[in-house]
Amino acid sequence: MKLETERLQLKEINESYVEDILKIRSNEIINQFVQRNSPKNNYDALQFILTIKERTRNNETFYWGISLKDQPNLIGTICLWKFSDDRKQAEVGYELLPDYHRKGIMSEALTAVVNFGFNTLNLQEIVAMTNKFNENSKGILLKHQFILEEERKDEGFPDNLVFSLKKNV
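Residues numbered from 1 in each chain as written. Predicted model: local features only at pLDDT ≥ 70, side-chain atom pairs only at ≥ 80, totals over all residues. Heavy atoms only, no water.

What is the right way to read the overall build of the protein from this model?
Secondary structure summary: the protein contains five helices and eight strands in total. Its helices and strands taken in sequence order, the protein reads β-β-α-α-α-β-β-β-α-β-α-β-β from the N to the C terminus. A globule of 169 residues ought to have a C-alpha radius of gyration of about 15 Å, and the protein, at 15 Å, matches this closely. Considering only C-alpha atoms, the protein reaches an extent of 40 × 30 × 30 Å along its principal axes. With 169 residues in all, the protein has 47% of them scored as buried. (Helix = DSSP H or I, 4+ residues; strand = E, 2+ residues; numbered from the N terminus. Rg over C-alpha atoms; globule rule 2.2 N^0.38 Å. Buried < 20%, exposed > 50% of the residue type's maximum accessible area, 1.4 Å probe, protein only.)

Spelled out as structure tokens, the structure:
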């Protein structure tokens, strides 16, 4: 399940990444655009990792930690999840520590995951939900040819916009 790009390794998350997951998922800048229960300590981060591992085993999600090839630490995460019943659609989610924003890192990771979704999983559509005020996220989705679906709503998250990318046939 490991994916590699020119600069990045996208790898399975395990218990050895507790500190990194805590750092990423409790980051205030990231969390200003994400509604979730952020981990408060290593135990919370470990529980999240164990949940992800189980959901991966059950084919409910594909979840990668993002690291630079020359560094062991995770600097972000990216996933495919919320698969449709027919497994033709999934949602992509991602987060990146602010020190690594605007360096093309998430763009590189997103390209790899979109290719995996369309070519390996044979998805027909990938959707992304992002906060209407998250300019960086909107920009990356538009750069990757995701289209704003103004009529679609992210149920329970009125500040989110829905973007989609369909597989080229």
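I keep staring at the side chain of Ser 67 and nothing clicks. Help me out?
Here Ser 67 shows up in strand S3 (residues 62-68). Of the polar contacts made by the side chain of Ser 67, one reaches the side chain of Lys 11; its length is 3.0 Å. Ignoring sequence-local partners within four residues, the contact set of Ser 67 consists of Arg 7, Leu 8, Gln 9, Lys 11, Pro 72, Asn 73, Leu 74 and Ile 75. (Polar contact = N/O pair within 3.5 Å; in protein donor to acceptor, adjacent residues only side chain to side chain. Contact = heavy atoms within 4.5 Å.)

Looking at this model, I keep getting lost on the environment of Glu 149. Mind explaining?
Turning to its location among the elements, Glu 149 is positioned in the loop between strand S7 (147-148) and strand S8 (160-166). By relative accessible area, which is 14% here, Glu 149 ends up buried. Of the polar contacts made by the side chain of Glu 149, one reaches the side chain of Ser 164; its length is 2.4 Å.

Would you mind going over the sheet that holds S3 with me for this structure?
Paired through their backbone hydrogen bonds, the strands of a sheet run either parallel or antiparallel. With mixed pairing, eight strands are arranged side by side in an open sheet as S1-S2-S3-S4-S5-S6-S8-S7. In this open sheet, the two edge strands, each paired with only one partner strand, are strand S1 (3-4) and S7. Relative to S8, strand S6 (residues 125-131) is paired through seven bridges, and the arrangement is antiparallel. Bridge pairing in S8 places Asn 131 opposite Asn 160. With respect to the sheet, helix H4 (residues 105-120) is in contact with S1, strand S2 (8-12), S3, strand S4 (76-81), strand S5 (89-96), S6 and S8, its orientation differing from that of S4 by roughly 25 degrees. Lying on the sheet, helix H5 (residues 135-143) is in contact with S5, S6 and S8; it crosses S6 at an angle near 160 degrees. (Pairing = 2+ DSSP bridges. Axes fitted to C-alpha atoms, helices over the stretch in contact; angles between N-to-C directions.)

What is the right way to read the nonpolar core from this model?
The tendency in soluble globular proteins is for nonpolar side chains to be buried as a group. With 31 residues, the main nonpolar core has Leu 10, Trp 64, Ile 66, Ile 78, Leu 80, Val 92 and Phe 146 as its most contacted residues. For this core, the secondary-structure elements that each account for two or more residues are S2, S3, S4, S5, H4, S6, H5 and S8. Top element by residues in this core is H4. It accounts for nine residues. With near-sequence residues (within four places) excluded, Ile 66 lies in contact with Leu 8, Gln 9, Leu 10, Asn 73, Leu 74, Ile 75, Gly 76, Thr 77, Ile 78, Ile 105, Met 106 and Ala 109. (Core = buried A, V, L, I, M, F, W, Y, C linked by side-chain atoms within 4.5 Å.)

Even after reading the chapter, I still don't get the side chain of Asn 27, so can you show me in this structure?
Mapped onto the elements of the fold, Asn 27 is located in the loop between helix H1 (18-25) and helix H2 (28-31). Asn 27 has contacts with Leu 97 and Pro 98, leaving out every residue within four places of it along the chain.

What's the story with helix H3 (residues 42-57) in this structure? I'm lost.
In an α-helix, one turn spans 3.6 residues; hence positions three or four apart end up facing the same way. An ideal rise of 1.5 Å per residue puts 22 Å on 16 residues; H3 measures up with 22 Å between its terminal C-alpha atoms. Listed in full, the buried residues belonging to H3 are Ala 45, Phe 48, Ile 49, Ile 52 and Thr 56. Across the axial projection of H3, the buried residues extend over an arc of 100 degrees, all falling on one side. Seen from the buried face of H3, the exposed residues on the opposite side, beyond 90 degrees, are Tyr 43 and Arg 57. Residues of H3 that are buried make contact with H1 and S3. Between a side-chain oxygen at the N-terminus of H3 and the backbone nitrogen of Tyr 43 the separation is 3.1 Å; the capping residue is Asn 41. Of the residues trailing H3, Asn 59 is marked for its positive phi of about 60 degrees. (Expected span 1.5 Å × (residues − 1). Arc of directions from axis to C-beta.)

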